Amino acid sequence: MKRTFLLTALVLFAFVAAQAQTLDEVLEKNYKATGLEKLADVKTFYIKAKMSMMGMEMPMTMQMKKPNKFKIETEAMGQKIVQGFDGENGWMINPMVGGGVTDLKGADLKQAMSQADLEGELYNYAKKGSTAELIGKVNLDGKEAYRIKLTNADGMVKDYYIDGETYLVSMVKTKVEAMGQTMNVDTKIVEYKEINGIKMGCKMEQVMPMGTSTITLDEIKLDEKIDDSVFTRPSE
């Protein structure tokens, strides 16, 4: 009887183990579902978007040129906030905190650069100096999802939730530094758009301590010609 029970337990364990997926398998399915091989070949991105928060709508424009040049413009309360990186220097223009051009460094620069990584931090994470761990399956809004813990080279931790059916990222939970404080930010990707075989999140909801915002990507252009001068730090 004990031997039969042991045999049954071993068979059950083998079945469960066979059904379980490894980190590499989950990520490979995510890459395939997203079309990341095609996305990795794209050289430039031009995106027009808007952020809605507390009854306000803020237009945004992002231009990016691989490997690391970017420029992000946001209009808020009649003022234009600009963040840029020319491959060597990060800079910002923010009339709300003073005139002129200021250097973008430290956590502010890293936060801006993470927004410009349109391939996503999970893609080639090891080459970016990050580590990843598959925590397991969880219930996310009534659906099964894989939770992956990503730790970057600076020790910042993000939890990625990958839908168990589509293998697209459905949520990212992280802590960010803003205005000298650390806060929890939950980002839900509620809608994807397919462009040239690439699926990109085109509608996101962010939940932060100060409220909820919605980011909608209205226009996405791939491999448009963008001159390097777009990213150059303006003179004072």
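Everything discussed here concerns the structure shown above.
What you are looking at is a predicted structure, and each value in this text was computed from that prediction instead of being measured.

Caption draft 1: Examining the pairing of strand E4 (residues 79–85) more closely. Of all seven residues making up E4, five are buried, and the element is well covered by its neighbours. Sheet topology note: the strand E3 (residues 69–76)/E4 ladder contains seven bridges and is antiparallel. By the bridge assignment for E4, Phe70 is matched with Phe85. Linking two consecutive strands that pair antiparallel, namely E3 and E4, is a turn of two residues; a positive phi of about 50° is found at Met77 within it.

Caption draft 2: Local environment of the pairing of strand E8 (residues 143–151). Relative to E8, strand E7 (residues 131–140) runs antiparallel, the two sharing nine bridges. Residue pairing for E8: Gly136 is matched across the bridge by Arg147. Adjacent in sequence and paired antiparallel, E7 and E8 are bridged by two residues, among which Asp141 carries a positive phi angle near 55°. With seven bridges joining them, E8 and strand E9 (residues 157–163) adopt antiparallel strand pairing. Bridge pairing in E9 links Lys149 to Asp159.

Caption draft 3: View of a negative patch on the surface. Negative charge collects at one region of the surface, where Asp24, Glu25, Glu28, Glu37, Asp41, Asp223 and Glu224 lie side by side. For the negative patch, the leading source of residues is helix H2 (residues 23–34), giving three residues. Tracing the sequence through the fold places Asp24 in helix H2. Since its relative accessible area comes to 55%, Asp24 is described here as exposed.

Caption draft 4: Representation of unusual backbone geometry. For the bond from Lys66 to Pro67, the omega torsion is 15°, close enough to zero to count as cis. Secondary-structure assignment places Pro67 in the loop between strand E2 (56–65) and E3. In this model, Met54 sits at a positive phi of 50°, which is unusual for a non-glycine residue. Tracing the backbone through its elements, the reader meets Met54 in the loop between strand E1 (44–53) and E2. Its relative accessible area of 62% is what places Met54 among the exposed residues. In this structure, Asp141 is a non-glycine residue whose phi angle is positive, near 55°.

Caption draft 5: Quick look at the pattern of salt bridges. A full pass over the atoms with the stated rule returns 13 salt bridges. With its nearest N and O atoms 2.9 Å apart, the salt bridge here joins Asp228 to Lys65. Highlighted residues: Asp228 in the segment after strand E13 (211–222) and Lys65 in strand E2, separated in sequence by 163 residues. The class of Asp228 is partly exposed, set by a relative accessible area of 37%. Asp103 is the partner of Arg233 in a salt bridge, and the nearest nitrogen-oxygen pair spans 3.3 Å. With a gap of 130 residues between them, Arg233 in the segment after E13 and Asp103 in strand E6 (residues 101–103) connect regions that are remote in the sequence. Taking relative accessible area as the criterion, Arg233 reaches 27% and is therefore assigned partly exposed.

Caption draft 6: Region of interest: the packing of aromatic side chains. Enumeration according to the criterion identifies three aromatic pairs in this entry. Look at Tyr31 and Tyr123: their rings are 5.2 Å apart centre to centre, the planes differ by 85°, and that puts the pair in the edge-to-face class. Here Tyr31 is found in helix H2, whereas its partner Tyr123 is found in the loop between helix H4 (106–115) and E7, with 92 residues between them in sequence. What makes Tyr31 buried here is its relative accessible area of 16%.

Caption draft 7: Examining the environment of Met113 more closely. For Met113, the position within the fold is in helix H4. With relative accessibility at 30%, the residue Met113 sits in the partly exposed group. It is 9.7 Å that separates the C-alpha atoms of Met113 and Gln83, two residues lying 30 residues apart in sequence. Every residue in contact with Met113, bar those within four places of it in the chain, is listed here: Asn68, Phe70 and Phe85.

About the thresholds
- Residues numbered from 1 in each chain as written.
- Predicted model: local features only at pLDDT ≥ 70, side-chain atom pairs only at ≥ 80, totals over all residues.
- Heavy atoms only, no water.
- Buried < 20%, exposed > 50% of the residue type's maximum accessible area, 1.4 Å probe, protein only.
- Helix = DSSP H or I, 4+ residues; strand = E, 2+ residues; numbered from the N terminus.
- Pairing = 2+ DSSP bridges.
- Patch = residues over 30% accessible without salt bridge, like charges linked within 9 Å, V, L, I, M, F, W, Y side chains within 5 Å.
- Areas by Shrake-Rupley, 256 points an atom, 1.4 Å probe, with all protein chains shown as cover.
- Salt bridge = Lys/Arg side-chain N within 4 Å of Asp/Glu carboxyl O.
- Lys, Arg positive; Asp, Glu negative; His and termini not counted.
- Charge placed at Lys NZ, Arg CZ, Asp CG, Glu CD.
- Phe/Tyr/Trp six-rings, centres within 6.5 Å; stacked < 30°, edge-to-face > 60°.
- Contact = heavy atoms within 4.5 Å.

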